[in-house]
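So you can see what is in the structure, the chains are spelled out below.
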Amino acid sequence: MATCEQVASGSSHHRSLLVVIRLSFLFAALWFSASPGRSQISPGPLAKAHQSLNGTSQCASCHLFGTSTPTFKCLECHKEIARLLSDNKGYHARLEMKNPNGKECVRCHLDHNGENFSLIHWEPSKKQFDHRLTGYPLEGKHAGVECEKCHTPAHMLPEIRALLKRQDPAGSYLGASTKCIACHEDYHKGRLGKDCENCHNANDWKEAKTTKNFDHSKTRYPLTGEHLQVLCEKCHKPEMPQEVRFKNMKFQNCSDCHADPHHGAFKQKRCEDCHTTEGWKKVLPAFSFDHSKTKYPLLGAHIKVSCVACHAKGEFERPLKFSNCTDCHKDIHNGQFAARPQKGECTECHKVEGWKPSLFGVKEHATSKYPLEGKHAKVECDKCHIPAGKETIYKVKFASCTDCHKDPHDRQFAKAPFENRCEGCHTVADWHRSLFTIAKHRQTKFPLTGAHAAVTCAECHKVGAGGRKDKIIPFSFDDKSCTGCHEDPHHGEFRDRQERRRPNGTKFGCEACHNTRSWVDVPGFDHSKTKFPLLGVHRTVACNQCHKPLVGEKKIQFKGTPLICEACHKDVHGKQFARQEGKTDCASCHTAERWKPSNFDHSRTKFPLDGGHKDVACDKCHSLFKVVDGKSVLFYQPTPLACEACHGPGFKKN
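In what follows, the accompanying structure is described. (Residues numbered from 1 in each chain as written. Predicted model: local features only at pLDDT ≥ 70, side-chain atom pairs only at ≥ 80, totals over all residues. Heavy atoms only, no water.)

A short note on the overall build of the protein
Our working definition: Put simply, DSSP marks the helices as runs of H or I at least four residues long and the strands as runs of E at least two long, and each gets a number from the N terminus on. Partly exposed residues are those whose accessible area sits between 20% and 50% of the maximum for their type, while under 20% is buried and over 50% is exposed, using a 1.4 Å probe and protein chains only. Any two residues whose heavy atoms approach within 4.5 Å are treated as being in contact. In short, Shrake-Rupley with a 1.4 Å probe defines the accessible areas, and a residue's cover is counted only from the protein chains shown. Only four residue types enter the charge count, namely Lys and Arg as positive and Asp and Glu as negative; His and the chain termini do not. Charge positions are represented by NZ for Lys, CZ for Arg, CG for Asp and CD for Glu.
Secondary structure summary: the protein contains 22 helices and six strands in total. In terms of its C-alpha atoms, the protein occupies a principal-axis envelope of roughly 135 × 105 × 45 Å. Counting every position in the protein, which comprises 654 residues, the buried fraction comes to 14%. Long-range contacts, defined as pairs at least 24 residues apart, comprise 39% of the intrachain contacts of the protein with a sequence gap of at least 6. Summed over its atoms, the accessible surface of the protein is roughly 50,400 Å², and 57% of this surface lies on carbon and sulfur atoms. If you average the places of the 99 positive and of the 74 negative side-chain charges in the protein, the two averages end up 2 Å apart.

Structure follows, in structure tokens:
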């Protein structure tokens, strides 16, 4: 018999023969493994929906034999789909299937894949299905409705439901009616027809305005002017009887809807003799009264004032005073401006175009004793001149910031040299941008160095710091050591190092190991002087990878950290190399320089690697995997040593 090397390097005839032999063995194995009956004929069990068609005698129920191409009888059972295809409606019709009796149905609904195989595949999913493919795009509010809300037996077209032969109507998505009243109750009880879309849309049911859907111009009362902007329910009120809410309403006279604002002063005229629907205050040219020809022409906001607001009770012939604003308007300032040149006349600060805003703005404020600058220029008047009706005060104190602003520092700066002068640190341009810089901070008892220079003020000066229990931000601290702001993450484990003192008598504290440049940088701690110098890849490992909290505790353990490999590293070999006390000595094969390749000496085993075996990858021979603690682990023992175990039967060693 030829060796593996000879076959591999032999003629093409030998290689072809070897392929034939292998295929013969494979075919024989498949033949003998199959069941003698149905498995030799049927390509597989049917889906759950077609279980009644199982068995070789049922094949002709779905398959048509004697044709040149595969032909199926899907539409003979699924008459509802056949009906929709003939009517050119629905999803299947829009697929434009040229041959539904051929491979068109099988392309999406592939059977013989097992009882639990789903015949319907939603692409990409049912929730992401593109409903436009059905011919009925989901728009507006319909886009967020769950499929099952519309696709129910009650909403299915009767002619489609009657065609369902085997399928449960509750599980079908076919034949859903597209009529609104199929899902929605007819609020109008048939009085306005059955085509809801003539007035409504899917975006907003209440958008049934004449400018959008319903054409009111085709009714007996076309909407014009301001009537176009009136909501439907303002006229067609819900409390009206159903029989007259939309039909047989009174609209011959304005008074059918509107009250007479003149209280009968113009009984001899109709509303439409003077007014139009374009606007109540826009009168017809035929209206003879022209207010501009009187002693008081109506200007600005006065044009919009109703007549009865001045002519009380509709008494238009009664003379009115109008020389001063106060003839009609009350002095809401309670005489505070009576000493001014215009003696408190409203026109000094206000105009008829609008009572607000006042004419007394930032520019005019500059002529006062307190010009508005910076942020003050954007402050609303009533923030300083607090509205209090007649008691509103316009002459306020402003000598110091605290006249208006509360002291947020709880008198921490009340003493010299600050004396609560806010402008020493702040400006009116921006309150949050302090003038107290890093340079000024260096003049304090705590100069900012290293990373502290990049820390925002709020990181140290925050509520609850400095021993304060109120909501006042502290700026003065008695304890200026590291632990005054930072918690000791070592929980006193290095207290002996922290208690050491500098030449000036101060304690080293955290700076015994750390500095303000970087917390991670620990120049004060030399790991090479410990029992475990950091070598190889250990130099790149973060401290907390080895120094971890003990079981059941939260603080990190530094002293007493184990020094052996197996204390930190898990045994990835499933204890197959365990020695004493069931522990694996990692150092016998690996070093700290690198984990792979290992230092394992194969020459000390029963199978030294000689010749061509030297370049063979480990996993070519060691391929035995076992599940240990739920994980697949490669086992190196037992590994067969005979050539036939790797090279196959009949292999002869040279």
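Structure's up, so let's keep going.
Some details on the environment of Glu-419
By the secondary structure assignment, Glu-419 is in the loop between α14 (381-384) and α15 (438-441). For Glu-419, a relative accessible area of 51% gives the class exposed. The residues contacting Glu-419, other than those within four sequence positions of it, are Phe-413 and Ala-414.

Let's talk about the pairing of strand β6 (residues 631-635)
For clarity, the threshold we go by: Strands were regarded as paired on the criterion that DSSP finds at least two bridges between them.
Examined bridge by bridge, strand β5 (residues 624-628) and β6 share five bridges and lie antiparallel to one another. Counterpart to Val-628 in the pairing with β6 is Lys-631.

Describing the environment of Asn-334
With respect to the helices and strands, the residue Asn-334 is situated in the loop between α12 (307-310) and α13 (362-365). Here Asn-334 falls in the partly exposed class, since its relative accessible area comes to 48%. As a C-alpha pair, Asn-334 and Lys-620 span 286 residues in sequence and 102 Å in three-dimensional space.

Let's talk about empty space enclosed by the protein
Once rolled over the atoms, a probe with the size of a water molecule shows which space is left empty. Cut-off, in case you're wondering: In the cavity and pocket records, a cavity denotes points on a 1 Å grid over the protein atoms alone where a 1.4 Å probe fits but cannot get out, a pocket denotes an open set with protein on both sides within 12 Å along at least 5 of 7 lines, and lining residues are residues with an atom within 4 Å of a point. Grid points are joined across faces, edges and corners, and a volume is the space filled by probe spheres set on the points. Classification used: nonpolar for Ala, Val, Leu, Ile, Met, Phe, Trp, Tyr, Cys and Pro, charged for Asp, Glu, Lys and Arg, polar for all others including Gly.
In this structure the tally under the stated criterion is one cavity of 30 Å³ or more. Considering only enclosed or pocket space, the largest cavity measures out at about 120 Å³ in volume. For the lining of the largest cavity, the per-class residue count stands at six nonpolar, four polar and three charged.

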